[in-house]
Amino acid sequence: MRAKQFSHLAVLVILIVISACDNVSFEGVQLEIRPPAAPPGAPSPDTATEVVEEAPLLPVELGPLVYLVEQTDGSAATILPVAELWEEGYRPIPDSEEIPDLVERFALGRWEEGMEFSLLGDGGRVGTFIASGSTESDDSTCRMRPRGSGIVEVSPGAAGTRQFLALPEGNGRTSADSPERVRALAPRSHGTNAEIAAAALNVAQRLIPALDIPWPASIPGFREDLQAFGFTAESGIRSAIAASHVFGGRLGTGTPSPNGYSFFFLAVEGEDRYEPVVSWYQRAESGKAAARLLGTHALRGTAPPDALLEVFGVSERWLAILGPDEDGEWTTQYQDACGEDPARGAIQSYP
């Protein structure tokens, strides 16, 4: 009976109440109670969560711009800013070192979706570029530029042209503005291909000895580009030709031979023959600068107009603009800073 009574005795339980203190000591052993670690990226409980809103992108503040539009496939085309256009001349656009988010901001208010640009050629407006609103980086020249895309609508008279100078619609600087989207210029006759080639040969035969250029084995053989187009002269729009020649090299990047040279000229139809307006002859020893015409227009309101060129060096391609100064002498009105400067006396102007 006594054993049974003992079995019913309450079991003595010693409860140890742990205080709110984080540290508890047991005869030299110290325990520290810590909350579980917060997951990576979780906000600290001691700090309030802050919501930071990104500032909206703002347009790049620039003056009026002149553009190069290049037709790529069918009606698809790209648009590339060349330089700022001011009354006193041209200024380079900023680069990504000056404005790190240049590409993202450049299209804003400039070539957003549906914006239109006048395509310039043959001395007037020949079509329209309609922007898609996209922007990407372009490294086809020796400096990075933003590049947009879109489609072109071109008049029948300029159907074979792939590159155009362009200005924003309504800019007011086009010499032949029209209320229609595409001004239906009648195809301008510059003669047959054989007649154009003969005219270019005649001009080259006169300029080669005048500029003391070494005679090539064949003038047509070292000519790499020949174009006929409409040119705004003081007497009206005249037929013109532009020819690019390269000896001991190529019209593209690459190292020329030590005795190589490049020779470019622009000539306008006169009463009896084509007369040169400007030439650019540069020997390889002065730095390679092989030029090809991209387009002409009276961008600064001058007659004769300015000419946009692409110029090829040993490893770089850059853009340059030739045009008359206040005295009518043709000079380099603009050139990408990364390009090879024309040699002294390389550019010649003709009355």
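Everything below is about the structure shown above.
Since this is a predicted model, take the numbers as computed values, not measurements.

Calculation criteria
Residues numbered from 1 in each chain as written. Predicted model: local features only at pLDDT ≥ 70, side-chain atom pairs only at ≥ 80, totals over all residues. Heavy atoms only, no water. Disulfide = S-S within 2.5 Å. Helix = DSSP H or I, 4+ residues; strand = E, 2+ residues; numbered from the N terminus. Buried < 20%, exposed > 50% of the residue type's maximum accessible area, 1.4 Å probe, protein only. Pairing = 2+ DSSP bridges. Axes fitted to C-alpha atoms, helices over the stretch in contact; angles between N-to-C directions. Polar contact = N/O pair within 3.5 Å; in protein donor to acceptor, adjacent residues only side chain to side chain. Contact = heavy atoms within 4.5 Å. Core = buried A, V, L, I, M, F, W, Y, C linked by side-chain atoms within 4.5 Å. Patch = residues over 30% accessible without salt bridge, like charges linked within 9 Å, V, L, I, M, F, W, Y side chains within 5 Å. Areas by Shrake-Rupley, 256 points an atom, 1.4 Å probe, with all protein chains shown as cover. Salt bridge = Lys/Arg side-chain N within 4 Å of Asp/Glu carboxyl O. Lys, Arg positive; Asp, Glu negative; His and termini not counted. Charge placed at Lys NZ, Arg CZ, Asp CG, Glu CD.

J.: I would appreciate a short explanation of the state of the cysteines in the present structure.
T.: Covalently bonding the sulfur atom of one cysteine to the sulfur atom of another cysteine gives a disulfide. This model, assessed by the stated rule, comprises one disulfide. Two residues, Cys142 and Cys338, share a disulfide whose sulfurs are 2.0 Å apart. Of note, the bridge from Cys142 to Cys338 carries an S-S torsion of about 75 degrees and is right-handed in sense. Taken together, the residues Cys142 in the loop between β7 (124-138) and β8 (145-154) and Cys338 in the loop between β17 (330-335) and β18 (347-349) connect sequence positions 196 residues apart. What makes Cys338 partly exposed here is its relative accessible area of 36%.

J.: I would appreciate a short explanation of the sheet that holds strand β11 (residues 236-247) in the present structure.
T.: Within the open sheet, the five strands sit side by side as β10-β11-β12-β13-β18. Their pairing is antiparallel. On the outer flanks of this sheet lie β10 (223-233) and β18, each paired with one strand and no other. Between one strand and the next, the sheet's axes are offset by a mean angle of 15 degrees, whatever the strand orientation. Strand direction decides the pairing type here: β10 and β11, joined by ten bridges, are antiparallel. The partner of Phe229 across the bridge, within β11, is Ala240.

J.: Quick question: what am I supposed to make of the side chain of Asp336 here?
T.: If you trace the backbone, Asp336 turns up in the loop between β17 and β18. Here Asp336 falls in the buried class, since its relative accessible area comes to 1%. There is a polar contact of 2.7 Å between the side chain of Asp336 and the side chain of Arg145. In contact with Asp336, not counting residues within four places along its chain, are Thr141, Cys142, Arg143, Arg145, Trp318 and Leu319.

J.: Quick question: what am I supposed to make of the nonpolar core here?
T.: Note that soluble globular proteins tend to have their nonpolar side chains buried in a common cluster. One finds Phe264, Leu266, Trp280, Leu309 and Val311 to be the most contacted residues of the largest nonpolar core, which totals 23 residues. Looking at this core, the elements with two or more residues in it are β10, β11, β12 (261-269), β13 (274-283), β14 (290-297), β15 (306-312) and β16 (317-324). Apart from the residues within four sequence positions on either side, Trp280 is in contact with Ser262, Phe263, Phe264, Ala289, Ala291, Leu309, Val311, Leu322, Gln335, Pro342, Ala346 and Ile347.

J.: Whenever I open this one, a negative patch on the surface confuses me. Can you help?
T.: A cluster of acidic residues, Asp325, Glu326, Asp327 and Glu329, forms a negative patch at the surface. We classify Asp327 as exposed; its relative accessible area is 69%.

J.: I keep staring at the sheet that holds β16 and nothing clicks. Help me out?
T.: Picture the strands of a sheet paired through backbone hydrogen bonds; they go either parallel or antiparallel. Within the open sheet, the four strands sit side by side as β14-β15-β16-β17. Their pairing is antiparallel. With partners counted over all chains shown, the strands left at the sheet margins are β14 and β17, one partner each. Across the sheet, the mean angle separating the axes of adjacent strands is 30 degrees when strand polarity is ignored. Summarising the sheet, β15 and β16 pair through six bridges and their orientation is antiparallel. Across the sheet, Val311 pairs through a bridge with Trp318, a residue of β16.

As far as function goes, none of this settles anything; it's purely spatial.
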